[in-house]
Amino acid sequence: MARNLLKNPSGEEQLDFWDLTENGGNLWRVEDMPGDCGHDFCNEEVTKYFATSFELCLKRQVIDLLEEGYSPDQLDAQPAVTVEDWFCGRTDCGCTYQMTSCLLDENQEVLQEYKHGPETLCPEADCSWKQVSHTFSDYGPGMRFISFEHGGHDTNFWNGWFGVRVTGSSVTLDV
């Protein structure tokens, strides 16, 4: 199985390793599964998630693939890159979720980009944990970095952490 290149994908180390690109409302927070008005997760090993607030919260990691031990030749062979994320809403408040992942060259210029959302989750509908997944291919030689950013906010603008919840994120290379 390919290794996850994201560090701290589920909040076990609070917000370490994440660049908080938007930290609105009451800021990002890590909570224990399933949380207030929450849902059980499909993997018992995942015990925490990141919670967003009433203004936009986004967090990002940029992975240096050479630092991670990949050679230029391996990367120029254009291995499949898979990004995955899990997100859910609360049963008492609507929220939005978004995710953007980019394959970047040595100057961190975009070679290929994938965007999911913004997607709105309504508490009246099924707001249990959902997975989003995308595999990049045929992006040309030169990939040296991968950017992964996700987050959202609640739709009622309630004080606290009523926005989207994210956990279990991953970025893998098929080398």
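In the block above lies the structure referred to throughout.
Residues numbered from 1 in each chain as written. Predicted model: local features only at pLDDT ≥ 70, side-chain atom pairs only at ≥ 80, totals over all residues. Heavy atoms only, no water.

**Quick look at the environment of K59**
For step 1, the next point in the chain: The residue K59 is located in strand β4 (residues 57-64) in this model.
For step 2, the next point in the chain: According to the relative accessible area criterion, K59 is buried, its value standing at 0%.
For step 3, the next point in the chain: As a C-alpha pair, K59 and G151 span 92 residues in sequence and 6.5 Å in three-dimensional space.
For step 4, the next point in the chain: The residues contacting K59, other than those within four sequence positions of it, are L15, W18, D19, L20, T21, W28, F50, F148, E149, H150 and V166.
For step 5, the next point in the chain: Within polar-contact distance, the side chain of K59 engages the side chain of H150 at 2.7 Å. (Helix = DSSP H or I, 4+ residues; strand = E, 2+ residues; numbered from the N terminus. Buried < 20%, exposed > 50% of the residue type's maximum accessible area, 1.4 Å probe, protein only. Contact = heavy atoms within 4.5 Å. Polar contact = N/O pair within 3.5 Å; in protein donor to acceptor, adjacent residues only side chain to side chain.)

**What to know about the nonpolar core**
For step 1, the next point in the chain: In this structure, L65, V81, M143, I146, V171 and L173 are the most contacted members of the largest nonpolar core, which totals 30 residues.
For step 2, the next point in the chain: Counting residues per element, the ones that place at least two in this core are β4, β5 (81-88), β6 (95-104), β7 (110-121), β8 (130-136), β9 (145-154) and β10 (165-173).
For step 3, the next point in the chain: If you tally residues by element for this core, the top one is β6, at four residues.
For step 4, the next point in the chain: Other than its neighbours up to four places away in sequence, M143 contacts L65, L75, D76, V81, L103, L104, L111 and L173.
For step 5, the next point in the chain: By size, the runner-up hydrophobic cluster in this structure holds eight residues, among which are M33, V46, Y49 and C88. (Core = buried A, V, L, I, M, F, W, Y, C linked by side-chain atoms within 4.5 Å.)

**Some remarks on the sheet that holds β8**
For step 1, the next point in the chain: In space, the five strands of this open sheet follow the order β2-β3-β10-β5-β8, with antiparallel pairing throughout. Looking along the sheet, the strands with just one partner apiece sit at the ends: β2 (29-32) and β8. On average, adjacent strands in this sheet sit at an angle of 35 degrees to one another, irrespective of strand direction. (Pairing = 2+ DSSP bridges. Axes fitted to C-alpha atoms, helices over the stretch in contact; angles between N-to-C directions.)

**Re the sheet that holds β9**
For step 1, the next point in the chain: Strand order in the open sheet formed by five strands is β1-β4-β9-β6-β7, with antiparallel pairing between adjacent strands. Of all the strands in the sheet, the pair left with one neighbour each is β1 (19-23) and β7. Each neighbouring strand pair of the sheet contributes to a mean axis angle of 10 degrees, computed without reference to strand direction.
For step 2, the next point in the chain: For β1 and β4, the ladder comprises four bridges, and the chain directions are antiparallel. Bridging from a neighbouring strand, E22 pairs with L58 of β4.

**Points about the side chain of R144**
For step 1, the next point in the chain: With respect to the secondary-structure elements, R144 resides in the loop between β8 and β9.
For step 2, the next point in the chain: Dropping the residues within four chain positions of it, R144 is found in contact with I63, D64, L65, L66, P72, L75, D76, L104, D105 and E106.

**A short note on the packing of aromatic side chains**
For step 1, the next point in the chain: On inspection of all chains with the given rule, the structure shows eight aromatic pairs.
For step 2, the next point in the chain: For the pair F87 and Y97, a centre-to-centre distance of 3.9 Å together with 0 degrees between the ring planes defines the contact as stacked. Here the residue F87 occupies a position in strand β5, and Y97 occupies one in strand β6, the gap between them amounting to 10 residues. There is no split in this pair, since F87 and Y97 are both buried.
For step 3, the next point in the chain: With a centroid separation of 5.2 Å and 85 degrees between ring planes, the pair formed by W158 and F162 is classed as edge-to-face.
For step 4, the next point in the chain: For W158, a relative accessible area of 36% gives the class partly exposed. (Phe/Tyr/Trp six-rings, centres within 6.5 Å; stacked < 30°, edge-to-face > 60°.)

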